[in-house]
Amino acid sequence: MTKLLSFTVSLAALSAATTAFGQANPSPVINLDTITVTAARTERSTAETPQSIQVLDRAQIEEQLKFSPSAAAALGKLVPGYSMSTQTVSSASENYRGRDLLVLVDGVPMTTPLRDVSRILSMIDLNSVERIEVVAGASSLYGAGATGGTVNFITKKAAEGKPTVTVNTAMRAFTQNIGRSLAPEASVTVSGKVPNGFDYLVTASGRGAGRTYDGAGRELPSDGLLGQGGGDRYKAGNLLAKLGYDFDTSKRIEINGSLIAFDQDPKYLTNYAAPYARPDRTRLYPGQNVIEDTKSLSLRYTDKDFALGSLSVLGYYNDIKKRFNYSTFAYPYNTQVYYSFNPLSPTSPDNQTTLYSQRGGVNVTIDTSLDRLLPGAKLTWGGDVIQDRTWQTLTSGQDVFTPLKQTTTAGFGQLQIPIGERIVLRGGLRYEHFALSVSDYVRPAAYAAVAANNALGYQSFVLPALNVTGGNFDYSALTGNLGATVKLSDTSEVFGGWSQGFALPDVGAFTRRAGLSTAYACTLANINCLPASRRSISFASIAPEAQIVNNYELGMRGSYGAFKGSLTGYISTSDDGVTFDATTNTLSQQKERIWGAEATADYAFTEQFTMGSVVSYREGRYDTNKDGKLDSYLPNNRIGSPWRGMLYGSYRFVNGMQLRLEGEGFSDRDVAIDLTGTRYKLKGAVTMNAAFTAPVWEGEAYVAVNNLFDRAYQNPTATSVRNLANYAWGRTVTVGFRKTF
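Cut-offs used in this document
Residues numbered from 1 in each chain as written. Predicted model: local features only at pLDDT ≥ 70, side-chain atom pairs only at ≥ 80, totals over all residues. Heavy atoms only, no water. Disulfide = S-S within 2.5 Å. Buried < 20%, exposed > 50% of the residue type's maximum accessible area, 1.4 Å probe, protein only. Core = buried A, V, L, I, M, F, W, Y, C linked by side-chain atoms within 4.5 Å. Helix = DSSP H or I, 4+ residues; strand = E, 2+ residues; numbered from the N terminus. Contact = heavy atoms within 4.5 Å. Salt bridge = Lys/Arg side-chain N within 4 Å of Asp/Glu carboxyl O. 1 Å grid on protein atoms, 1.4 Å probe; cavity = no way out; pocket = protein on both sides within 12 Å on 5 of 7 lines; lining within 4 Å. Points joined across faces, edges and corners; volume = space filled by probe spheres on them. Pairing = 2+ DSSP bridges. Axes fitted to C-alpha atoms, helices over the stretch in contact; angles between N-to-C directions. Phe/Tyr/Trp six-rings, centres within 6.5 Å; stacked < 30°, edge-to-face > 60°. Polar contact = N/O pair within 3.5 Å; in protein donor to acceptor, adjacent residues only side chain to side chain.

Colleague: How should I be thinking about the state of the cysteines in this particular structure?
Modeller: By definition, a disulfide links the sulfur atoms of two cysteines through a covalent bond. Per the stated rule, a full pass over the model turns up 1 disulfide. One disulfide bridge connects Cys-522 with Cys-529, the sulfur atoms lying 1.9 Å from each other. Taking the torsion about the sulfur-sulfur bond, which here is approximately -85°, the covalent link between Cys-522 and Cys-529 counts as left-handed. With relative accessibility at 3%, the residue Cys-522 sits in the buried group.

Below, the structure is given as structure tokens:
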């Protein structure tokens, strides 16, 4: 209560000051963001786009870099509808409007759709990013994955003329134990352009982390999310290199290469016994380090004077390697592990996996003017071809799911028609085909347990190795979208529409769980009890259904003098939504509906003083017994806290110094997620952050404090992964310096 009172008093003081400044100074005018490239795969103004769009510019990115280097943390604060960050290397249970988020870097997909391991946002280097474009709602324009929304990280452009160097350095630490939690980081960007020649940009960044602590001073575990990786004891590095050449004012070719490296060296295993995840200091971590080794190469050619309009051809190749944590059997939170064949120590020493994904593709987009038919009309059309190969192994090299190959082919057309001076209609179709090749494999033997009325509280058993037979499978769908914007004034409009997303859910996760049920169980004394007729299972019998998500939304956005804001309501539906049950470690598909509302607002009281807010609400229900009725609320790993919000204020002093205060809050959730009334309560919390910036040596020095009052609270997203409490970070302080010369 005391901390909540402090937060309320602080915001009240901020509001009072705001009023005073507003009365003493004339209000400046706020201009809306005007350009986005994500929504329709070509440049369009937000005023023409019938979807909720946010563009986070470089100034906003630099502001959030003071608090955290994580892109997930920035999205969680500034994008309504996106989950709160887990504060770890993993984005497990982070989602957008309760569904998956497609992550792009310069239009290149970085996710691994055949095995969604939820680890990319924390790896993206914000030092190399110029702006972040976020499009809400389902979309199939970039292919599989965007059932909840699309985020495109647009990297910086090379500076004109002689080499320009930008340096950003920082040191972060928890005030609970500064010495053991020091986290240094540094980034250098060099860019320039040779007259009438090549332009170049290179960004190299590195960072490390020590121990992490919650608000009560307790050290946080290295693997609180069970096999996902933590936020402590790591070293990480990013390299981005871009080289471009303008043939003339209309033609350009650009090659990009990037490298992401991460290495976490956990000290202890994690104790997953209730009431919360914590380091188990009695057991040293015996596994291999958690790593990321991702390389990406892309080549883009653009021609604005192409015979059919504006042409963009993008070719890319990603080589991804992700190794996860070693974890052990821990009932009831880790009820299935690969078996050592020793009942006294059932976890196999090889119970640690590495994901490999090799993905290449070509995207072609042509933006054709139809002025001759109808002034202002445009047709955007093109196609995609993507080759994807994904597999995941134990440290012994044995596969843990069926190695997968997929060829995606798609064609699309998007028509934009102005009606009068105020209305723009947009509609389109996309046909997509997945040719999926599933290899045969042997699912390794597993040790598992279910609840029982005995001294242990569980009954253990063995799931013998199982032959999983694959095959070739085809999935295809024609998806569409239709919407309109209606201009209310030169700076505001109403928008609304319908859009569809098409995706094949996490095939690897389904095949990894082949036969992981009591129907295939054997006793510890007779681990080969299955008759020959039950020692194999076909992929056809466990294959997930491709899902189509329908998204309907209606909103308005605009600027009125010193005010800028947006308000959107939405509903998304699917007959084959995918839900993970942490208790039984199973996946299921069922009918579901998610609905919510999102709002953003900024008001510039003076040229020096601005306040703003981000607020979102979301909720969802699903059909647990498949009788056609939405009988229960979706689990916390899909929805999390229904209400989230941030209120912030920023004041720039006449001497160039700047102060920013942020108040973040999220609500409780306590709903029945099945017909038996199972509930996992999430507790709400309110925290506050502050950042102070000052001009120093023609650069910018800054001090930022997260969780200013050192509040101890449960991270709602991390807690939702296994319904086991994971505490959030306590107070952290960052001291940094940025300069361009």
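Colleague: Got a minute to help me understand the nonpolar core in this structure?
Modeller: Taken as a class, soluble globular proteins show a tendency for nonpolar side chains to be buried jointly. Residues Leu-75, Leu-121, Leu-126, Ile-132 and Phe-153 are the most contacted members of the largest nonpolar core, which totals 42 residues. Tallying contributions element by element places helix α3 (residues 71–78) first for this core, with 5 residues. In this structure, Leu-121 is in contact with Ala-71, Ala-72, Leu-75, Tyr-82, Ser-91, Glu-94, Leu-101, Val-103 and Phe-153, ignoring residues within four places of it in sequence. Core analysis: the next-biggest nonpolar cluster, separate from the first, contains 33 residues, Phe-401, Leu-404, Ala-446 and Val-507 among them.

Colleague: Explain the pattern of salt bridges here, please?
Modeller: Tallied over the entire structure, the rule returns 38 salt bridges. Salt-bridge contacts for Asp-506 lead to Arg-115; the nearest nitrogen and oxygen are separated by 3.0 Å. Residue Asp-506 is located in the loop between β25 (492–503) and α5 (507–512), and its partner Arg-115 is located in the loop between β3 (108–109) and β4 (129–136); the two are separated by 391 residues in the primary sequence. For the pair Asp-506 and Arg-115, a shared accessibility class is recorded, and that class is buried. With a closest N to O distance of 3.1 Å, Arg-359 and Asp-388 form a salt bridge. Separated by 29 residues along the polypeptide, Arg-359 in strand β16 (residues 353–369) and Asp-388 in strand β17 (residues 378–394) bring together distant segments of the chain. An identical accessibility class is assigned to Arg-359 and Asp-388; each is buried.

Colleague: Got a minute to help me understand empty space enclosed by the protein in this structure?
Modeller: Any empty space left between the atoms is revealed when a probe the size of a water molecule rolls over them. Under the defined criterion, the tally for this structure stands at 16 cavities of 30 Å³ or more. In this model, the second largest cavity occupies a volume close to 700 Å³. Lining of the second largest cavity is provided by 44 residues; of these, Ser-68, Ser-70, Ala-73, Gln-87 and Trp-729 occupy positions nearest its centre. Within the residue set of the lining of the second largest cavity, elements represented by two or more residues are α2 (58–67), α3, β6 (164–174), β7 (183–193), β8 (198–209), β34 (685–696) and β36 (732–740).

Colleague: Is there a simple way to think about the sheet that holds strand β2 (residues 101–105) in this case?
Modeller: Strand pairing in a sheet relies on backbone hydrogen bonds. The paired strands run either parallel or antiparallel. Strand order in the open sheet formed by 5 strands is β1-β4-β5-β2-β3, with mixed pairing between adjacent strands. Among the strands making up the open sheet, the edge pair consists of β1 (53–56) and β3. Where β2 meets β3, 2 bridges bridge the pair, whose relative direction is antiparallel. Its bridge partner being in β3, Leu-104 is matched across the sheet by Pro-109. In the packing of α2 onto the sheet, the strands contacted are β1 and β4, and the crossing angle to β4 comes to about 100°. Along the sheet face, α3 touches β1, β2, β4 and β5 (149–155) and points at about 130° away from the line of β1.

Colleague: When you look at the packing of aromatic side chains in this model, what are you seeing that I'm missing?
Modeller: Two descriptors summarise a pair of aromatic rings, namely the distance from one centre to the other and the angle between the planes of the rings. This structure, assessed with the given rule, holds 22 aromatic pairs. Taking 5.1 Å as the distance between ring centres and 85° as the angle between the ring planes, the aromatic pair formed by Phe-329 and Tyr-447 counts as edge-to-face. Of this pair, Phe-329 sits in the loop between β14 (309–323) and β15 (336–338) while Tyr-447 sits in strand β21 (residues 446–451), placing them 118 residues apart in sequence. Looking at Tyr-447, the relative accessible area reads 5%, which means it is buried. Each ring, one from Tyr-339 and one from Tyr-447, has its centre 5.5 Å from the other, and the planes form 25°; the classification is stacked. In this pair, Tyr-339 is assigned in the loop between β15 and β16 and Tyr-447 in strand β21, connecting sequence segments 108 residues apart. Here the aromatic cluster, defined as three or more aromatic residues joined through ring pairs, consists of Phe-329, Tyr-331, Tyr-339, Phe-341, Tyr-447 and Tyr-458.

Colleague: Explain α2 here, please?
Modeller: Counting buried residues in α2 gives 7 out of 10 residues, a clear majority hidden from the surface. Regarding α2, the residues found buried are Arg-58, Ile-61, Glu-63, Gln-64, Leu-65, Lys-66 and Phe-67. Its side-chain oxygen placed 3.2 Å from the backbone nitrogen of Ala-59, Asp-57 serves as the N-cap of α2.

Colleague: Is there a simple way to think about the environment of Thr-86 in this case?
Modeller: For Thr-86, the location among the structural elements is in the loop between α3 and β2. Taking C-alpha positions, Thr-86 is 35 Å from Ala-562, a pair spaced 476 residues apart along the chain. Leave out the neighbours within four places in its chain, and Thr-86 touches Ala-92, Glu-94, Leu-225, Asn-715, Thr-717 and Ala-718.

Colleague: Can you help me understand the pairing of β7 in this one?
Modeller: A regular strand places its side chains so that they alternate between the two faces of the sheet. The pairing of β6 with β7 spans 9 bridges and is antiparallel. Bridging across to β7, Val-165 finds its partner in Val-190. Where β7 meets β8, 9 bridges bridge the pair, whose relative direction is antiparallel. Note on β8: the bridge partner recorded for Glu-185 is Arg-207. Hairpin geometry of β7 and β8 is characterised by an intervening segment of 4 residues between the two adjacent antiparallel strands and by a positive phi of about 55° at Asn-196.

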